[in-house]
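So you can see what is in the structure, the chains are spelled out below.
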There are 2 protein chains.
Amino acid sequence: MTPAKHNPEERPLGALLAPDIIALLDESPALIAAETEEMHPADLADVAEAMPVAQVPVFLNALPKDRAAQVLEYLDEELRAEVLEAMTAQQAAALVTEMNPDERADVLEELDEEVAEEIVEELPAETRKETQQLRKYDPDSAGGLMTTEFVSVNADTTVEEALRLVRRIARSEKREAMHAIYTTDEDGRLVGVLSLRELLAAPEGATLADVAWTEPQAVSPTADREEVARVISNYDIVVVPVVSESGHVMGVITVDDVIDAIEEEQTEDVQKFGGLEALDEPYNTIGFWSMIRKRAVWLSALFIGEMFTATALGVYQKEIDRATVLAIFLPLIVSSGGNSGSQGTSLIIRALALREVTLKDWWRVAGREILTGVTLGLLLAVIGFSRIELWQSMADRGVTAFGVALGHDYSCVAEGIGRAARCGVVNPHLVALTVALSLVGVVMFGTLAGAMVPFIFRKLGFDPASASAPFIATFVDVTGLIIYFNVALHLLLR
Amino acid sequence: MTPAKHNPEERPLGALLAPDIIALLDESPALIAAETEEMHPADLADVAEAMPVAQVPVFLNALPKDRAAQVLEYLDEELRAEVLEAMTAQQAAALVTEMNPDERADVLEELDEEVAEEIVEELPAETRKETQQLRKYDPDSAGGLMTTEFVSVNADTTVEEALRLVRRIARSEKREAMHAIYTTDEDGRLVGVLSLRELLAAPEGATLADVAWTEPQAVSPTADREEVARVISNYDIVVVPVVSESGHVMGVITVDDVIDAIEEEQTEDVQKFGGLEALDEPYNTIGFWSMIRKRAVWLSALFIGEMFTATALGVYQKEIDRATVLAIFLPLIVSSGGNSGSQGTSLIIRALALREVTLKDWWRVAGREILTGVTLGLLLAVIGFSRIELWQSMADRGVTAFGVALGHDYSCVAEGIGRAARCGVVNPHLVALTVALSLVGVVMFGTLAGAMVPFIFRKLGFDPASASAPFIATFVDVTGLIIYFNVALHLLLR
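For every chain, the first residue of the written sequence is number 1, and numbering continues from 1 along that sequence. Ligands are numbered from 1 and chains lettered from A, in the order in which they are written. Residues qualify for local features only when their pLDDT is at least 70, as the model is predicted, and side-chain atom pairs are given and counted only at 80 or more; totals for whole chains, interfaces and linings, by contrast, use all residues.

**Description of the overall build of chain A**
- Secondary structure is summarised from DSSP: a helix means a run of H or I of at least four residues, a strand means a run of E of at least two, and numbering begins at the N terminus for each. Each helix and strand in chain A was counted, giving 23 helices and nine strands.
- Our radius of gyration is a C-alpha quantity, and the globule rule it is checked against amounts to 2.2 Å times the number of residues to the power 0.38. For 494 residues, the compact-globule estimate of 2.2 N^0.38 gives 23 Å, and the C-alpha radius of gyration of chain A, at 32 Å, exceeds that figure by more than 25%.
- The 494 residues of chain A split such that 50% are buried. Burial in this document is a count-based property: other C-beta atoms within 10 Å of a residue's C-beta are tallied, and the residue is buried at 20 or more, exposed at 12 or fewer, or partly exposed in between, with C-beta positions derived from the backbone.

Following this line, the structure appears as structure tokens:
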């Protein structure tokens, strides 16, 4: 048998097997448990997602309770809620009792508040207490991510004793996170940690205090998931304990929950940075109007912000009347500000998320970005200046290619409707200079604003990722055209 | 002792201890090993990063070889290269021999090609072979991420025998990935997997074939890191085997390497989406000119693309001459296209990355985004239309606040330099209608283009994340103003 390899464009295993299993469910449901015994619960969840919703409870019933609970953990959130709400509270309680405590709390969180309460009432007393404890925490905090199943022993325990204990626990219970064993002092406070492998490697006769690492990494129950991810990834650990103010281990968070958290966070960040509210649901399942709502709010806000460009241009209409040539370079100049702002923002958002820079670095970043902005602005200024001079000179010399006149005469002004424009009035070199100088100013301002807004957002307590590319562009557009027209007023329209 | 809790705004532990350890290094280097024994190598790496570069090799020499190698794994990449290049090839080889094979290959990859070859020559024969094997793979592929240290045994082995073997290996060698044990058939091909915990829980007398899971998840050595991350996160596993065409385990990838890979990927995606080349280096360490290069390429490309707006506007200069009012709404209309495009792109980039949609879904996405675009466009059209009508009516009725005239008269045209503009010529309702209809068209086009470009990039073999917000904006700007002036030509300037 060759192991299942993953080809990105292939259908997942579950979807391939779904028709067979659905057929079997109709014909001889008693065989389902045995036939699917070796399948990973994630694949069984894919099978369940491929069947009609009404069949899913039948399918889950055909599986052993603990297997059904595992399948539930991997099931699409919406489908899971639907399936559980369709069951009686007793049935649902019997299933969720078998789940890991952290998953159980998350699943209940997704249900209708009333249904969730009914199910909690039906849980065995100890499970109920544990569940209520976990449900107190924000699902995105360490307290919400943790599971309350872990192994901790007194540091005086001998290695052999600990091994016997670990084997007993491994056989009798489902302890999700048995990658590490925590050692405690006489008051039950966390003092050390060792991996299962280190326990196996420990010399016989030693106590855990002899072999465990002191100063274990830990997080507080209120730490957010980004913080948990950072600790796990900085220290390359598979599981991190959640420790109360008093130093007691309340639970542990395993790396798989953190990966999910990182991916969700990443999706949210990209969506926010793209200029919409985070969807919180996959693109292919979110409803049309929910999607519109998530996009409309920011889009309208940006539109209203951008209206200030119309206000500003209203003020400068006289100047445009005097030299419509100014309008020609309007989108070029304001968009250059937006683009350089978007670069600055994306750099700083990531640098802040990875703690490469912190709030107090803002002035150092500002200095660097001003220099960068001027350099990049000069580069664009040279390109822009050359383009205008080249086009003007082609127009002056009447260059044609395939019978088409090349270049553009930037020296013309309007002489009223129905009359021919009068050319040779505006100095085209001054047009080129106006555009070039404006570009330096606009790119410098865009770069600086793009880099500073994430700092300001962080300082105000918002997510820096909300400093989206469209937000920066809108913010910079208004300023950009004010810079442009002021340069024009001093240089071109004196 | 309370375990170290992580406060996001606190300095990391390493930085706090650095001055003490640096002082100790000067006074009595012999004590360094004992004093830092309980510290995590990640914290020791922070200490090393806080000291003058020239001191780092001294510090590493003061540590036991295996500890020094671990510190090296956590050290900043640039510093690590600098330190290794400063050593003799023998010294460096002695250190990197102690590293995990995957880390060793990565470290050598970062060095100057010649220095790396010299170090490889100095490695013990077996280590050298293993290293050369790993260096053949792209560092971002499964082959480049894997380590060649893992435990695999014949499936016929008994549980007790396997446990003895595992304990022996755990004691004698540094096997990074001892979370899982792989079982093989008589030809050495992978047939099963069980976790260390499952091995401990297995009944005595059973063979591994009785207790191992068949159909283990695996990846091919050429799979990219995103693919590896997806398998690990889908199946909630801590380690995934890399399996050759013939079904033999070549190595394993542990979750910590995947988290690093996910974070790097995320940084690259955000930077690309922000409209620059991925930096590949932290913001606070990259050199000024490297940074300029990464930003200048895209910024100039976008600028040159945006020049087509100047070309297009040159063509429409006559129309602007006839109604400069058109210029007033230019930034508002083109930016609305860019913003809606940015939303569509960010959604599809993420949906593609998470496989929520695949290439063949493009027509379904296109249909949905056209509908979304029309809906959002109508929303902005209503806002824009009302704004223009309101301002015009305020101007008509001469409304003032605090002595300032409110509103704007959109009916005026230029009558040449030095003459007063003539008002009442352009129909302001038609201006409002032109803007509104253009918005529907531009937002619809922007949304559709934003959603489709990532598909096109994927199809052409580029990273969809390169469809940056600025790229879409630039692309949509030119089309946006063509739509705008065509609507104006048919409606306002007939």
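**Description of the pairing of strand β7 (residues 249-254) of chain B**
Residue and element names in this part refer to chain B.
- With six of six residues buried, β7 is to be regarded as a mostly interior element.
- By the convention used here, strands pair only if DSSP detects at least 2 bridges between them. Judged from the five bridges that link them, strand β6 (residues 239-243) and β7 form a sheet pairing that is antiparallel. Pairing of Val-242 across the sheet is with Gly-251, part of β7.
- Hairpin connection of β6 to β7: five residues between the antiparallel strands, including Gly-247 at a positive phi of 90°.

**Some words on the relation of the copies chain B and chain A**
- Here the copies were fitted onto each other by least squares, based on C-alpha atoms from residues at pLDDT of at least 70 in both. Superposing chain B onto chain A takes a rotation of 180° combined with a translation of 0.1 Å along the rotation axis, leaving an RMSD of 0.2 Å. Such values leave the two copies arranged in the relation of a two-fold axis.
- Whether two residues are in contact is decided by their C-beta atoms, placed from the backbone, lying within 7 Å. A high fraction, 100%, of the interface residues of chain B reappear at the interface in chain A, so the copies pair face to face through one surface.

**Brief notes about the domain arrangement of chain A**
- Taken domain by domain, chain A comprises domain 1 (13-137), domain 2 (151-272) and domain 3 (288-491).
- For the purposes of this description, domain bounds are those given by an automatic or database domain assignment. Using only C-alpha atoms to locate each centre, domain 1 of chain A and domain 2 of chain A end up separated by 28 Å.

**Section: the interface of chain B and chain A**
- Between chain B and chain A, the residue contacts involve 121 residues of the former and 121 residues of the latter.
- At 17 residues, the largest contribution of residues to the side of chain B that touches chain A is made by helix α20 (residues 330-353) of chain B.

**What to know about the packing of α20 of chain B against helix α22 (residues 428-459) of chain B**
All names here are of chain B.
- Interaxial distance between α20 and α22 falls to 7 Å at its minimum, and their mutual angle equals 30°. Here α20 lies roughly parallel to α22, going by the angle between them. For the element pair α20 and α22, the recorded crossing hand is right-handed. Every axis corresponds to a line fitted to the C-alpha atoms, with the helix fit spanning only the stretch in contact, and the corresponding angles, defined between N-to-C directions, vary from 0 to 180 degrees. Roughly parallel refers to an angle under 35 degrees, roughly antiparallel to one over 145, roughly perpendicular to one between 65 and 115, and oblique to any angle outside these ranges. Crossing handedness is read from the near helix: turned anticlockwise from the far helix by less than a right angle, it gives a left-handed crossing, and turned clockwise, a right-handed one.

**Regarding the sheet that holds strand β5 (residues 213-214) of chain B**
- Reading across the sheet, the four strands line up as β2-β3-β4-β5 (chain B) and stay open at both edges, with mixed pairing between neighbours. Because the sheet does not close on itself, it has two edges, and the strands there are β2 (151-154) and β5 of chain B.

**Focus: the environment of Leu-200 of chain B**
- Locating Leu-200 of chain B in the fold gives a position in helix α13 (residues 196-201).
- When the C-alpha atoms of Leu-200 of chain B and Ala-162 of chain B are compared, they prove to be 10.0 Å apart, with 38 residues separating the residues in sequence.
- Setting aside anything within four residues of it in sequence, one finds Leu-200 of chain B in contact with Val-166, Arg-167 and Ala-170 of chain A.

**Examining the sheet that holds strand β2 (residues 180-184) of chain A**
All names here are of chain A.
- One open sheet accounts for four strands, arranged β1-β2-β3-β4; its pairing is mixed. Strands at the two margins of the open sheet, each flanked by one partner only, are β1 (151-154) and β4 (213-214).
- With five bridges joining them, β2 and strand β3 (residues 190-195) adopt antiparallel strand pairing. From the neighbouring strand, Thr-184 faces β3, where its bridge partner is Leu-190.
- Each of β1 and β2 touches helix α12 (residues 159-172); the most contacted strand, β1, lies at about 150° to it.

**Focus: helix α7 (residues 89-97) of chain A**
- Those residues of α7 of chain A that sit buried are Ala-92, Ala-93, Leu-95 and Val-96 of chain A. Down the axis of α7 of chain A, the sector holding all buried residues measures 165°, keeping them to one side. In this description, one arc is meant: the one made by directions from the helix axis to the C-beta atoms.

**Considerations on unusual backbone geometry**
- Backbone geometry places Asp-280 of chain A, a non-glycine residue, at a positive phi of 65°.
- Classification of Asp-280 of chain A as partly exposed rests on a count of 13 C-beta atoms within 10 Å.
- Of note in this structure, Glu-215 of chain B is not a glycine but carries a positive phi near 55°.
- The topology assignment puts Glu-215 of chain B in the loop between β5 and α15 (225-234).

**A word on the environment of Val-58 of chain A**
Residue and element names in this part refer to chain A.
- With respect to the secondary-structure elements, Val-58 resides in helix α4 (residues 55-62).
- A tally of 14 C-beta atoms within 10 Å means that Val-58 is categorised as partly exposed.
- In this structure the C-alpha to C-alpha distance between Val-58 and Leu-25, which are 33 residues apart in sequence, comes to 8.1 Å.

**Topic: the confidence of the model for chain A**
- Think of pLDDT as the predictor's per-residue confidence, scored from 0 to 100. Considering every residue of chain A, the mean pLDDT works out to 86; 95% of them sit at 70 or more.
- Across residues 1-11 of chain A the pLDDT falls below 50, and counting only partners more than four positions away or on other chains, this stretch makes 23 contacts in the model.

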